[in-house]
Amino acid sequence: IFVLGYIGIIFEEVFEFNKAAVALLMSTGLWVTYADFYQNPNGVATATVVEQLKEQLAEVSDICFFLLAASTIVEVVDSHQGFKVVTNQIKTESKKGLFWTIGFLTFFLSAILNNLTI
């Protein structure tokens, strides 16, 4: 299942698949296969498997909710021209200086956005 899913992700442009859909189907298939065959020959998920699935879903949900909140904050700041204030202050002409300025700003702005979402 993993190899087929990985091939689907690799050749998504050739097959015109959506990578996220292939990855979701692959992970679902792997979890179903794992639940069917882990320490239980009759195909019923054990309590251990259900607990592991709950933990994994909780972790994935945490990441998704964090990204949703962070994206919302970025969109609100952008819609009110908040980033224009920062970009107007950048006065460098060299590519090297611009690289370091953007890296420095990104480091601190990401920390600020992280603190707003947690």
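Above this text you will find the structure in question.
All figures in this text were calculated on a predicted structure; none of them were measured in a lab.

Q: Would you mind showing me how to read unusual backbone geometry here?
A: Both trends apply: most residues other than glycine have a negative phi, and most peptide bonds are in trans. Positive phi, normally seen in glycine, also occurs at Glu16, with a value near 60°. For Glu16, the position within the fold is in the loop between helix H2 (12-15) and helix H3 (19-37).

Q: Looking at this structure, how should I read a nonpolar patch on the surface?
A: A surface patch of nonpolar side chains, about 1,100 Å² in accessible area, is lined by Ile1, Phe2, Val3, Tyr6, Ile7, Ile10, Phe11, Val14, Phe15, Phe17 and Leu30. In terms of residue count, the dominant contributor to the nonpolar patch is helix H1 (residues 2-10) (five residues). Looking at the secondary structure, you find Phe2 in helix H1. You can call Phe2 partly exposed: its relative accessible area is 46%.

Q: Please clarify how the packing of aromatic side chains should be interpreted in this entry.
A: Where two aromatic rings form a pair, the distance of their centres and the angle of their planes describe that pair. Applying the stated rule across the entire model yields seven aromatic pairs. Ring geometry for Phe11 against Phe15: centres 6.2 Å apart, planes inclined by 65°, an arrangement best described as edge-to-face. Of the residues examined, Phe11 reaches a relative accessible area of 40% and is grouped as partly exposed. Classification of Phe15 as partly exposed rests on a relative accessible area of 44%. When the centroid spacing of 5.0 Å and the interplanar angle of 85° are considered together, the rings of Phe107 and Phe108 count as edge-to-face. Residue Phe108 is classed as partly exposed on the basis of its relative accessible area of 40%.

Q: Even after reading the chapter, I still don't get the side chain of Glu12, so can you show me in this structure?
A: Locating Glu12 in the fold gives a position in helix H2. Judged by relative accessible area, which is 16%, Glu12 ranks as buried.

Q: Hey, could you run me through the pattern of salt bridges in this one?
A: If charged atoms from side chains of opposite charge come close, those side chains can pair. Per the stated rule, a full pass over the model turns up one salt bridge. With its nearest N and O atoms 3.9 Å apart, the salt bridge here joins Glu12 to Lys19.

Q: I tried to follow the environment of Val3 on my own but got confused; where do I start?
A: Tracing the backbone through its elements, the reader meets Val3 in helix H1. For Val3, a relative accessible area of 55% translates into the label exposed. Taking the C-alpha atoms as reference, Val3 lies 42 Å from Val77; in sequence the two are 74 residues apart.

Q: Got a minute to help me understand the packing of H3 against helix H4 (residues 47-79) in this structure?
A: The description of two packed helices rests on the angle between their axes and on the distance between the axes. Where H3 contacts H4, the axes come no closer than 10 Å and their chain directions differ by 155°. Taken as axis vectors, H3 and H4 run roughly antiparallel relative to one another. Two secondary-structure elements touch here, H3 through Trp31, Tyr34 and Ala35 and H4 through Val49, Gln52, Leu53 and Gln56. Tallied by class, the residues present in the contact of H3 with H4 amount to five nonpolar, two polar and no charged.

Quick notes on the rules
- Residues numbered from 1 in each chain as written.
- Predicted model: local features only at pLDDT ≥ 70, side-chain atom pairs only at ≥ 80, totals over all residues.
- Heavy atoms only, no water.
- Helix = DSSP H or I, 4+ residues; strand = E, 2+ residues; numbered from the N terminus.
- Patch = residues over 30% accessible without salt bridge, like charges linked within 9 Å, V, L, I, M, F, W, Y side chains within 5 Å.
- Areas by Shrake-Rupley, 256 points an atom, 1.4 Å probe, with all protein chains shown as cover.
- Salt bridge = Lys/Arg side-chain N within 4 Å of Asp/Glu carboxyl O.
- Buried < 20%, exposed > 50% of the residue type's maximum accessible area, 1.4 Å probe, protein only.
- Phe/Tyr/Trp six-rings, centres within 6.5 Å; stacked < 30°, edge-to-face > 60°.
- Axes fitted to C-alpha atoms, helices over the stretch in contact; angles between N-to-C directions.
- Parallel < 35°, antiparallel > 145°, perpendicular 65-115°, else oblique.
- Contact = heavy atoms within 4.5 Å.
- Nonpolar A, V, L, I, M, F, W, Y, C, P; charged D, E, K, R; others polar.

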